[in-house]
Each structure stands twice: as C-alpha cells, then as structure tokens.
Amino acid sequence: MNIAEIADRLNFEIVCGSTGKNNMVTWGYTSDMLSNVMGNASEGNLWITMQSHKNILAVALLKELSGIVLVNGHRPDTETVTQAEKEGVVILATDLPAFETAGRLYQLLKENEDIQS
Amino acid sequence: MIFEYQIEGGDFTKAGSASSEVKKILRQLNLEPSLIKRIAVAMYEAEVNVVAHAYRGTMTVDIDTGRIFIAVKDEGPGIEDIEKAMTEGWSTANEKVREMGFGAGMGLPNIKKNADELKITSTPGTGTKVEITCFTRL
C-alpha cells in the first residue's frame, strides 16, 4: 500500500511533502526517540511519532522511510514544512494518539498482506 | 576523495545536514545500498553527538576504493568513561535535548553496530574524536 491509500483509508491528513504520497509502505515503526528509529526502523517504514521538529526529516531521509505520521494533533512547524517540501518527505497528521494510530495502521497493513497472499 | 564539514554545537536545526550531504555523494558513487545505510546511521549519530554535547566539530569523510573513513572531531567536554558511554541507554544529554527525542543513549551503540571499525579517543575538558571505517565489498 502506498501513503495516499493509507491516508485515505485511515483518514490521515497529508500535511506536506505530497510528492512522496506514492511511496510504498513496507511496515510501521513507532517511537519518539530518534536514535531508536535510526537503530531499528527499516527502509519503507511509516514512522509514527509525536516529534514534530525539523530533525525528524533527516531521520526519515537517512533511513529512507516512506513517511512520517504525527499523532495527537501535532503539526509540523513552518520551517519543517518548508524543508519537507524541499526534500520530498511526506508528513501525515492525525488527532489519534500513537497507540490507536499504530493499531489501525497495523490492522490495515495486515489485511492488505492477507489479500495479497 | 576527501570532504570536510563543519558542525556547530547546539544547533539542532542543522543536525544531520552533513550526513545527508555525504549520503547523496555515496549514492552518486553507486555504492551498495546496505553499505550506504550503515554509513548514514553511523555518521548521523556521530554528527548529532557533536550538536548535543560539544561546542563545535568537523566531520571529515575520506572515500577510497575499499573503504569509507569518517572522522568526527570536536571541541567539547570530552567523555570521562568511554566504556560507560558505549552502554545502551546511558546518556549525559540534558532535558531539552531529551525532549526532542535525542539522548536515548543509543548513539554510540548505533555507531558500533553499523561500523566495521570504530575508534573513540577523548580528552575530558578538550574534546572527542570518533573514527568510523566501513569497508566496501571488493
């Protein structure tokens, strides 16, 4: 599944970096610790976090993540939005907390996996 | 090929920019994607360590056939006990840094995991030098 389909199905808002909306999502990863993501997330993962500052972009780029979902109604600041547009990092947003965001994403990706297998 | 980047201590708005630049270069050189990923993680962590802990630093990247060598040298407080600093979860980062999601005590362990060779030398009160080597598949 790609970012656009996930955003549509789970009602996530695409805040910026929509050039990345066709990125394929391999799996999800949830953490607010940047080094934890650097150490454990894999390429194509959709990263669920409440961190909304500019540094999340470098992590997403260096790890080649498919995108970022900001939870609990967090929105990126102007600087982050400008940089995300420039680098093509897609940022989604939801008012749901991380637990529910991850739960819904997990279910959707699993269902999709079952359909394809 | 040698590239050098300046890293400003405390300036989180630019943290990771040197690593992103180097990653672009490595991709242009058509190195193995898995090797690029390992180098990217290792150098990012080393760069962030300078931003989080030191006053200023330089990152020197030496690309040669057979290996990529990265030296991150800073002027800063140094590391009192390197063995302790290598322990997962151990960090001296301040509250502000931790709130941003840094300072999980994963930086040096992440570097170790991704580097083929890692050498850390430090003089408390003066600074730290982190040397990372990753070998390319011949």
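Worth saying up front: this structure is predicted, and the values here are computed from it rather than measured.

Student: Explain the pattern of salt bridges to me, using residue names and the numbers behind them.
Tutor: According to the stated counting rule, one finds 12 salt bridges over all chains in the structure shown. With a shortest N-O distance of 2.3 Å, Lys 37 of chain B and Glu 43 of chain A are connected by a salt bridge. A residue pair is termed interchain when its members come from two chains, as with Lys 37 of chain B in helix H2 (residues 33–53) and Glu 43 of chain A in the loop between helix H2 (34–40) and strand S3 (45–49). Relative accessible area serves as the criterion here: at 41%, Glu 43 of chain A is assigned to the partly exposed category. A salt bridge links Glu 75 of chain B to Arg 56 of chain B, with the nearest nitrogen and oxygen atoms 2.6 Å apart. Residue Glu 75 of chain B is found in strand S3 (residues 67–75), and its partner Arg 56 of chain B is found in strand S2 (residues 56–64); the two are separated by 19 residues along the sequence. Among the residues examined, Glu 75 of chain B registers a relative accessible area of 42% and is labelled partly exposed.

Student: I'd like a rundown of helix H1 (residues 3–10) of chain A, residues and numbers included.
Tutor: All names here are of chain A. Regarding H1, the residues found buried are Ile 3, Ile 6, Ala 7 and Leu 10. What you see down the axis of H1 is that its buried residues fit within an arc of 100°, all on one side. Away from its buried face by more than 90 degrees, H1 exposes Asp 8 and Arg 9. Where the residues of H1 are buried, they touch strand S1 (13–16), S3, strand S4 (67–70), strand S5 (91–93) and helix H5 (98–116). At the N-terminal end of H1, a side-chain oxygen is found 3.2 Å from the backbone nitrogen of Ala 4, two or three residues along, and the residue is Asn 2. Directly after H1, the chain includes Asn 11, whose backbone phi takes a positive value near 60°.

Student: Give me the lowdown on the interface of chain A and chain B, citing residues and values where you can.
Tutor: Each partner contributes residues to the interface: chain A has 19 residues there, and chain B has 23 residues. Buried surface at the junction of chain A and chain B, both sides included, amounts to about 1700 Å², of which 53% is carbon and sulfur. Looking at the side of chain A facing chain B, the largest losses of area belong to Ser 35, Asn 55 and Leu 62 of chain A, adding up to 34% of the total buried there. Seen at the junction of chain A and chain B, the total is two salt bridges. Counting across the interface, chain A meets chain B through 12 residue pairs in polar contact (both at pLDDT 80 or more). Only H2, helix H3 (55–62) and helix H4 (78–87) of chain A provide two or more residues apiece to the side of chain A that touches chain B. If you tally residues by element for the side of chain A that touches chain B, the top one is H3 of chain A, at five residues.

Thresholds applied
Residues numbered from 1 in each chain as written. Chains lettered and ligands numbered in written order. Predicted model: local features only at pLDDT ≥ 70, side-chain atom pairs only at ≥ 80, totals over all residues. Heavy atoms only, no water. Salt bridge = Lys/Arg side-chain N within 4 Å of Asp/Glu carboxyl O. Helix = DSSP H or I, 4+ residues; strand = E, 2+ residues; numbered from the N terminus. Buried < 20%, exposed > 50% of the residue type's maximum accessible area, 1.4 Å probe, protein only. Arc of directions from axis to C-beta. Contact = heavy atoms within 4.5 Å. Polar contact = N/O pair within 3.5 Å; in protein donor to acceptor, adjacent residues only side chain to side chain. Buried area = accessible area lost by both parts, 1.4 Å probe.

Honestly, that's just the spatial picture; any functional story needs more than this.
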